[in-house]
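# Structural description and commentary
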Amino acid sequence: MTRGKIIFIEKNLRVYSTIEFNGDMYPYDGGHGEEIVGLFQRRGFSDFRSYEHYVKKFDDKNFGYFPAYGMELIQFKGTYREDIFDFTDNYTDYLYLINRSGRDVCVKLEDGKKTIPDIAAALISEVMKMPEVKKQISQGMNTASTKRR
């Protein structure tokens, strides 16, 4: 069972994160991550409101955490002063990071730093270190990670 969160960075570096969704959060072979990537490719995460709307629909369709348990689906993580985000203590399997901050941001990982361009999506995962999975995922994310204006 794979776990995942959807992170949203908006203007002024305000960061939001979903709760951890448990089950099939991988972005290939019918996992829920394919839906997240597909929506980004169709420009579905234009602002916080669209992110919030999507997360509610995503939960209703795939998990039902809110109606069943009354769980808060999205948590405000804070406003950052710098455009560097540290994910070295990430314990979930997949983080889907959506950058709508108006600028490029830097993500600190255990294996170094990566730049996520404005209006881009990134996938952060321990599984990414596996070559066969990395190839499958990068084929799906290539179009999602290009800048769009």
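Up top you'll find the structure we're talking about.
Residues numbered from 1 in each chain as written. Predicted model: local features only at pLDDT ≥ 70, side-chain atom pairs only at ≥ 80, totals over all residues. Heavy atoms only, no water.

## Considerations on helix 1 (residues 32-41)
The cut-off we apply is this: Classification of residues uses two cut-offs on accessible area relative to the type maximum, computed with a 1.4 Å probe and protein chains only: under 20% is buried, over 50% is exposed, and between them is partly exposed. Comment: elements are numbered from the N terminus, with helices defined as DSSP H or I runs of at least four residues and strands as E runs of at least two.
Judged by how many residues are buried, helix 1 sits mostly within the fold: seven of 10 residues are covered. Within helix 1, burial applies to H32, G33, I36, V37, G38, L39 and F40. Just downstream of helix 1, R43 is the residue with a positive phi angle, here 65°.

## Quick look at the sheet that holds strand 5 (residues 84-86)
For the record, the criterion: Paired strands are those between which DSSP finds at least two bridges. In this analysis an axis means a line fitted to C-alpha atoms, helices contributing only their contacting stretch, and an angle means the value between N-to-C directions, from 0 to 180 degrees.
Taken in spatial order, the three strands of this open sheet run 5-7-8, and their pairing is mixed. Looking along the sheet, the strands with just one partner apiece sit at the ends: strand 5 and strand 8 (112-116). In this sheet, adjacent strand axes meet at a mean angle of 25° when their direction is disregarded. Across five bridges, the pairing between strand 7 (residues 105-109) and strand 8 is antiparallel.

## Some remarks on the pairing of strand 9 (residues 120-125)
Most of strand 9 is tucked away, with six of its six residues classed as buried. Of the two faces of strand 9, the one lined by A120, A122 and I124 and the one lined by A121, L123 and S125 are each fully buried. As defined by bridge partners, strand 6 (residues 94-99) adjoins strand 9 across six bridges and the pair is classed as antiparallel. Counterpart to L97 in the pairing with strand 9 is A122.

## What about the side chain of S17?
Residue placement: S17 occurs in strand 2 (residues 14-18). For S17, a relative accessible area of 2% puts it in the buried group.

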